[in-house]
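One letter stands for each residue in the lines below.
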Amino acid sequence: MKTKILLVSLVGALFATTACSGEPPPAPVTVTATPSSTVPAPPAGPDAKTVAWLDGVCGAVYGFMKAHDEYSRKQQSGIEVTRNALKEELGIRAGFAGKTVDDLNALPPSPIPGGDAVRKSLVDQYTAARDAAAAGKQRLEKSGNEAAMDAAIKAMDAVQKPVTDTPDLMPALKIETPELMAAAAEAKNCASPH
């Protein structure tokens, strides 16, 4: 109890001394605390090289499919297949496949793990289609016999094979991480195969 009285007396004396001294009490000290940044910085966006590479792959493959579909829609059904018509069609379709091969080969190394293996598989597939169509056309040019016509029809099947056998590119490229998904979303040619 004596301690409380002494403490109260001491505080009172200090107060009285400060109040009577004529000097204003010292200003309270202001402490400014800068909070550490806990808000993450906004993402920088997808890697431009990845976006460009995906755009190139999708553009090549989906470009082939689009050209193939547009050309097929222009063809009239029920027309007798002639040697000249088949030769022309094989040449056009070989051109579609050849452009796809050129576009895929022009791409830089893949920034996506395993992307070069997928690209090589696609190049092999479209090269086979291009070469089959060119060989079928060449055979028709040399001979118009039944065997040449049969070979040309098989070549037509081969050049159409990439349309049905090309895998869905996103799963084939293992687009599973958020970074790769963002890059694929930015790649305009990957939006739709048609």
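Let me sum up the structure you'll find in this document. (Residues numbered from 1 in each chain as written. Predicted model: local features only at pLDDT ≥ 70, side-chain atom pairs only at ≥ 80, totals over all residues. Heavy atoms only, no water.)

Time to look at the packing of helix α2 (residues 48-74) against helix α4 (residues 115-142). Two elements in contact, α2 and α4, have axes separated by 12 Å at closest approach and are oriented at 20°. Judged by the inter-axis angle, α2 sits roughly parallel to α4. The interaxial crossing formed by α2 with α4 has left-handed handedness. Of the residues in α4, those touching α2 at Trp53, Val57, Val61, Phe64 and Met65 are Gly115, Asp116, Arg119, Leu122 and Tyr126. (Axes fitted to C-alpha atoms, helices over the stretch in contact; angles between N-to-C directions. Helix = DSSP H or I, 4+ residues; strand = E, 2+ residues; numbered from the N terminus. Parallel < 35°, antiparallel > 145°, perpendicular 65-115°, else oblique. Left-handed = near helix turned anticlockwise from the far one by under 90°. Contact = heavy atoms within 4.5 Å.)

So, about α4. With 28 residues, α4 extends 40 Å between its outermost C-alpha atoms, agreeing within 8% with the 40 Å of an ideal straight helix rising 1.5 Å per residue. All of the buried residues along α4 are Gly115, Val118, Arg119, Leu122, Val123, Gln125, Tyr126, Thr127, Ala129, Ala133, Gly136 and Leu140. Looking at the packing, one finds that the buried side of α4 touches α2, α3 (83-105), α5 (146-165) and α6 (169-172). (Expected span 1.5 Å × (residues − 1). Buried < 20%, exposed > 50% of the residue type's maximum accessible area, 1.4 Å probe, protein only.)

Next up on the list: the pattern of salt bridges. For the structure shown, the criterion picks out seven salt bridges. The salt bridge involving aspartate 116 is made with arginine 119; its shortest N-O contact spans 2.8 Å. Residue aspartate 116 and its partner arginine 119 are located together in helix α4, separated by three residues, close to a single helical turn. Taking relative accessible area as the criterion, aspartate 116 reaches 33% and is therefore assigned partly exposed. In this structure arginine 119 comes out as buried when scored by relative accessible area, which is 13%. Across the salt bridge formed by lysine 137 and glutamate 141, the nearest N and O atoms sit 3.6 Å from each other. Here lysine 137 pairs with glutamate 141, and both are found in helix α4, just four residues apart, close to one helical turn. For lysine 137, a relative accessible area of 28% corresponds to the partly exposed category. (Salt bridge = Lys/Arg side-chain N within 4 Å of Asp/Glu carboxyl O.)

Fair warning: the whole summary comes from geometry, so function is off the table for now.
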